[in-house]
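Chain by chain, the residues:
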Amino acid sequence: MAAARVCRRWCSTAARAAGDTGLTAAARAGAESQRVTAGKGSRWERLRDGRMGLWWKGLLRDYKEACRDVFAGARERPGKAALYLSLLGGAGACCHWNPSEASFESSLLEASNTLLLLSPWIRSGDSDGHVQGLTKLRNQGRLRYQSLGLLSLVYEAPFHPDSSLYEARCQSLRPRWLHFPSRVLDLGFCCHWWILERKMRDFDINEQEFRNLPPHLRTISPKQLRSQENERLYEEKYRPVSLSEEEIARAESEESAISPPSTRGSNPEMQAASPLV
């Protein structure tokens, strides 16, 4: 039986070899080119109809339907669409103009140089104390900067980042998040550091100079500084004084009534007592 199987396999192999040798050269070249083309098409088809291709098709289909729904909703409710677009645009502008750590360093240095140009008797106590505190923390390496995308925070850290103290390395002794708002020193938003600018608003006014004044004179509202009455009085200060004839006659009569009468020729004794020149 083994011999029969070997004989049968040999016969089938010989017949297949004979059939292959019967093909012409042209037919063999055409079959070869067709097989290459079929191989390329089958590879692309396998990639397109495979699991990854189907996943990308579904993803693109979902995005297409979502964009179509967005445009349809914008046509139905233009006000709502404009509101959403304005919010997205505002968020993008805030992210673009979010101040960096270098801008805070520059603002702090500029504020410190501005205060150095003033005498200690003229500087504002709040401005000087705030800037000096920030400068001290910066020199100690305890200022931290954190960007939140739309805004930035500058807060105080208890230790230098390279400190090797036990309190600085122990996880259990670190400050809690509940105390974080009290450690925030400045807020950066739209290219401005708002707390530093508020502290430097009246940096050249020393509030201690006016502590002995009455309460209603310690503060002056902007309306009082730029009122029409003050402007009128300020302009009248430089105008020449003009008097009418009645005012001049009244002034002369008042002057004659107040001034003492002339004593020349009325008292001979005083004239006799006067020394001779």
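Residues numbered from 1 in each chain as written. Predicted model: local features only at pLDDT ≥ 70, side-chain atom pairs only at ≥ 80, totals over all residues. Heavy atoms only, no water.

Peer 1: Lay out unusual backbone geometry in plain terms, naming residues and giving numbers.
Peer 2: Of note in the backbone geometry, Cys190 takes a positive phi value of approximately 55° without being a glycine. Relative to the helices and strands, Cys190 resides in the loop between β3 (184–189) and β4 (192–193). Classification of Cys190 as partly exposed rests on a relative accessible area of 26%. Not every positive phi belongs to a glycine, and Cys191 is a case in point at roughly 65°. As for its placement among the helices and strands, Cys191 is situated in the loop between β3 and β4. (Helix = DSSP H or I, 4+ residues; strand = E, 2+ residues; numbered from the N terminus. Buried < 20%, exposed > 50% of the residue type's maximum accessible area, 1.4 Å probe, protein only.)

Peer 1: Quick rundown of the packing of helix α5 (residues 101–116) against helix α6 (residues 125–139)? Include the residues and the values.
Peer 2: The geometry of α5 relative to α6 is characterised by a closest axis approach of 10 Å and an angle of 130° between their N-to-C directions. Classed by the angle they form, the pair α5 and α6 counts as oblique. Relative to α6, the crossing made by α5 is left-handed. On α6, the residues touching Phe104, Glu105, Leu108, Ala111, Ser112 and Leu115 of α5 are Ser127, Asp128, Val131, Leu134, Thr135 and Arg138. Grouping the constituent residues of the contact of α5 with α6 by class yields six nonpolar, three polar and three charged. (Axes fitted to C-alpha atoms, helices over the stretch in contact; angles between N-to-C directions. Parallel < 35°, antiparallel > 145°, perpendicular 65-115°, else oblique. Left-handed = near helix turned anticlockwise from the far one by under 90°. Contact = heavy atoms within 4.5 Å. Nonpolar A, V, L, I, M, F, W, Y, C, P; charged D, E, K, R; others polar.)

Peer 1: Outline the side chain of Arg123, supporting the account with residue identities and numerical values.
Peer 2: The residue Arg123 is located in the loop between α5 and α6 in this model. A relative accessible area of 15% means that Arg123 is categorised as buried. If sequence neighbours within four positions are ignored, Arg123 has contacts with Leu115, Leu116, Leu118, Asp128, Phe203, Ile205 and Asn206.

Peer 1: Account for the pairing of β3, with residues named and values stated.
Peer 2: Sheet topology places strand β2 (residues 152–156) next to β3; four bridges connect them, and they run antiparallel. When the sheet's bridge partners are listed, Ser152 is paired in β3 with Gly188. Connecting β3 to the next strand, β4, in antiparallel fashion are two residues, including Cys190 with a positive phi near 55°. (Pairing = 2+ DSSP bridges.)

Peer 1: Any chance you could break down the pairing of β2 for me, citing the residues and the numbers?
Peer 2: Most of β2 is tucked away: four of the five residues are buried. The sheet contact formed by strand β1 (residues 143–147) and β2 spans five bridges and is antiparallel. Paired with Ser147 across the strands is Ser152, a residue of β2. As consecutive antiparallel partners, β1 and β2 are separated by four residues, and within that stretch Gly149 has a phi angle of approximately 90°, a positive value.

Peer 1: Now, about the pattern of salt bridges: what can you tell me, with residues and values included?
Peer 2: A full pass over the atoms with the stated rule returns three salt bridges. Measuring nitrogen to oxygen at the nearest pair gives 3.9 Å for the salt bridge that ties Asp128 to Arg123. For Arg142, the salt bridge identified is with Glu156, shortest N-O distance 2.6 Å. Within this pair, whereas Arg142 is found in the loop between α6 and β1, its partner Glu156 is found in strand β2, the two being separated by 14 residues in sequence. (Salt bridge = Lys/Arg side-chain N within 4 Å of Asp/Glu carboxyl O.)

Peer 1: Which residues make up the sheet that holds β2, and what are the values?
Peer 2: For sheets, the rule is that strands pair by backbone hydrogen bonds, running either parallel or antiparallel. Strand order across the open sheet formed by four strands is β1-β2-β3-β4, with antiparallel pairing between neighbours. Both edges of this open sheet fall to β1 and β4, since each of them pairs with a single strand only.

Peer 1: Break down the nonpolar core for me, citing the residues and quoting the values.
Peer 2: Counting 13 residues, the largest nonpolar core has Phe104, Val131, Leu134, Leu143, Leu196 and Met200 as the members making the most contacts within it. Elements with a contribution of two residues or more to this core: α5 and α6. When residues of this core are assigned to their parent elements, the largest contribution, four residues, is made by α5. When residues no more than four places from it in sequence are discounted, the contact partners of Phe104 are Leu134, Leu143, Val154, Asp186 and Trp193. (Core = buried A, V, L, I, M, F, W, Y, C linked by side-chain atoms within 4.5 Å.)

Peer 1: Could you give me a rundown of the environment of Ser100, with the residues and numbers involved?
Peer 2: By secondary structure assignment, the location of Ser100 is in the loop between α4 (78–96) and α5. The exposure class of Ser100 is partly exposed, given its relative accessible area of 36%. If we ignore the near neighbours within four places in the chain, the residues touching Ser100 are Tyr145 and Trp193.

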